[in-house]
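# Chain and residue survey
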Amino acid sequence: MGRRCLHLLIGMVCTLMLWLQPAAANACVPGLDWGMERSHLEERLGVALTEASDRTLEAHGLTIGAIPVKRLRLQLGDQGLKQLAYELEPDAMTEVLAGLRSRYGAPVSTTVDTEGKALQQAWVWNTGTDCITAVRAGDDAFLLSYRPSRLNPALL
């Protein structure tokens, strides 16, 4: 009986240690972390980044799985990477949304009616680490944006 309790206790401690270990805060692309500097981003992405504007960088010729990315925009702040956004073809929307729903569950979704413009649809997930927003406006590109979450859902 004593040996069985010892094994159970060791198993519980090991499980607890796995839960308590800090995990890297991946920013949607495996290997990217919030706060990374430009040189590390270029190294991890395997592409040269071009400057789109002050503190905004762009990359072209990337894919998410087999889905081509028209453009990846990365916004840097004083602490490095603070947001990234993929611009995808509209026909990728259904597959991307299905993948996000499968991984993170049902999103909060809304439709916005702006005067004189096409309806805009938005889907939002808060993973606790990332806030993911997907947006589709008419026949324009489908946008997928990631930024660090400011609120852990477990606090609500």
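Residues numbered from 1 in each chain as written. Predicted model: local features only at pLDDT ≥ 70, side-chain atom pairs only at ≥ 80, totals over all residues. Heavy atoms only, no water.

## Some remarks on the overall build of the chain
For the chain, the count of helices and strands is 3 helices and 9 strands. The N-to-C order of helical and strand elements in the chain reads α-α-β-β-β-β-β-α-β-β-β-β. Considering the chain as a whole, with its 156 residues, one finds that 29% of them fall into the buried category. A separation threshold of at least 6 residues defines the contact pool for the chain, and within that pool the share at least 24 residues apart is 35%. Here the chain displays about 10,400 Å² of accessible surface, and carbon together with sulfur accounts for 55% of that area. (Helix = DSSP H or I, 4+ residues; strand = E, 2+ residues; numbered from the N terminus. Buried < 20%, exposed > 50% of the residue type's maximum accessible area, 1.4 Å probe, protein only. Contact = heavy atoms within 4.5 Å. Areas by Shrake-Rupley, 256 points an atom, 1.4 Å probe, with all protein chains shown as cover.)

## With respect to the packing of aromatic side chains
Tallied over the entire structure, the rule returns 1 aromatic pair. With a centroid separation of 6.4 Å and 85° between ring planes, the pair formed by Tyr86 and Tyr146 is classed as edge-to-face. Linking Tyr86 in strand S5 (residues 80–88) with Tyr146 in strand S9 (residues 142–148), this pair joins segments that are 60 residues apart in sequence. Both residues of the pair, Tyr86 and Tyr146, count as buried. (Phe/Tyr/Trp six-rings, centres within 6.5 Å; stacked < 30°, edge-to-face > 60°.)

## Some thoughts on helix H3 (residues 93–104)
Taking 1.5 Å of rise per residue, the 12 residues of H3 would be expected to cover 16 Å, and the 16 Å separating its terminal C-alpha atoms lies within 8% of that figure. All of the buried residues in H3 are Met93, Val96, Leu97 and Leu100. Take H3 and look down its axis: the buried residues cluster within an arc of 95°, on one side only. The exposed set on the far side of H3, more than 90 degrees from its buried face, consists of Thr94, Glu95 and Ser102. Against the buried residues of H3 lie strand S4 (67–77), S5, strand S7 (120–126), strand S8 (130–137) and S9. Directly after H3, the chain includes Gly105, whose backbone phi takes a positive value near 90°. (Expected span 1.5 Å × (residues − 1). Arc of directions from axis to C-beta.)

## What to know about the nonpolar core
Formed by 30 residues in total, the largest nonpolar core has its most connected members in Leu72 and Leu74. Mapped by element, the contributors of at least two residues to this core are helix H2 (38–45), strand S2 (56–59), S4, S5, H3, S7, S8 and S9. For this core, the element with the highest residue contribution is S4, accounting for 5 residues. When neighbours within four sequence positions are excluded, Leu74 is seen to be in contact with Leu41, Leu45, Leu49, Arg55, Thr56, Leu57, Leu81, Gln83 and Leu84. (Core = buried A, V, L, I, M, F, W, Y, C linked by side-chain atoms within 4.5 Å.)

## Structural notes on the side chain of Glu87
Within the fold, Glu87 resides in strand S5. A polar contact is formed between the side chain of Glu87 and the side chain of Arg71, at a distance of 2.6 Å. (Polar contact = N/O pair within 3.5 Å; in protein donor to acceptor, adjacent residues only side chain to side chain.)

## Section: the environment of Arg103
Position of Arg103 among the secondary structure elements: in helix H3. Since its relative accessible area comes to 64%, Arg103 is described here as exposed. Considering only alpha carbons, one finds Arg103 and Thr127, 24 residues apart in sequence, at a separation of 9.9 Å. Looking at Arg103, its side chain comes within polar contact range of the side chain of Tyr104, at 3.4 Å.

## Quick word on the environment of Val108
Looking at the secondary structure, you find Val108 in strand S6 (residues 108–112). Contacts of Val108, omitting those with residues within four sequence positions, involve Ala122, Trp123 and Val124.

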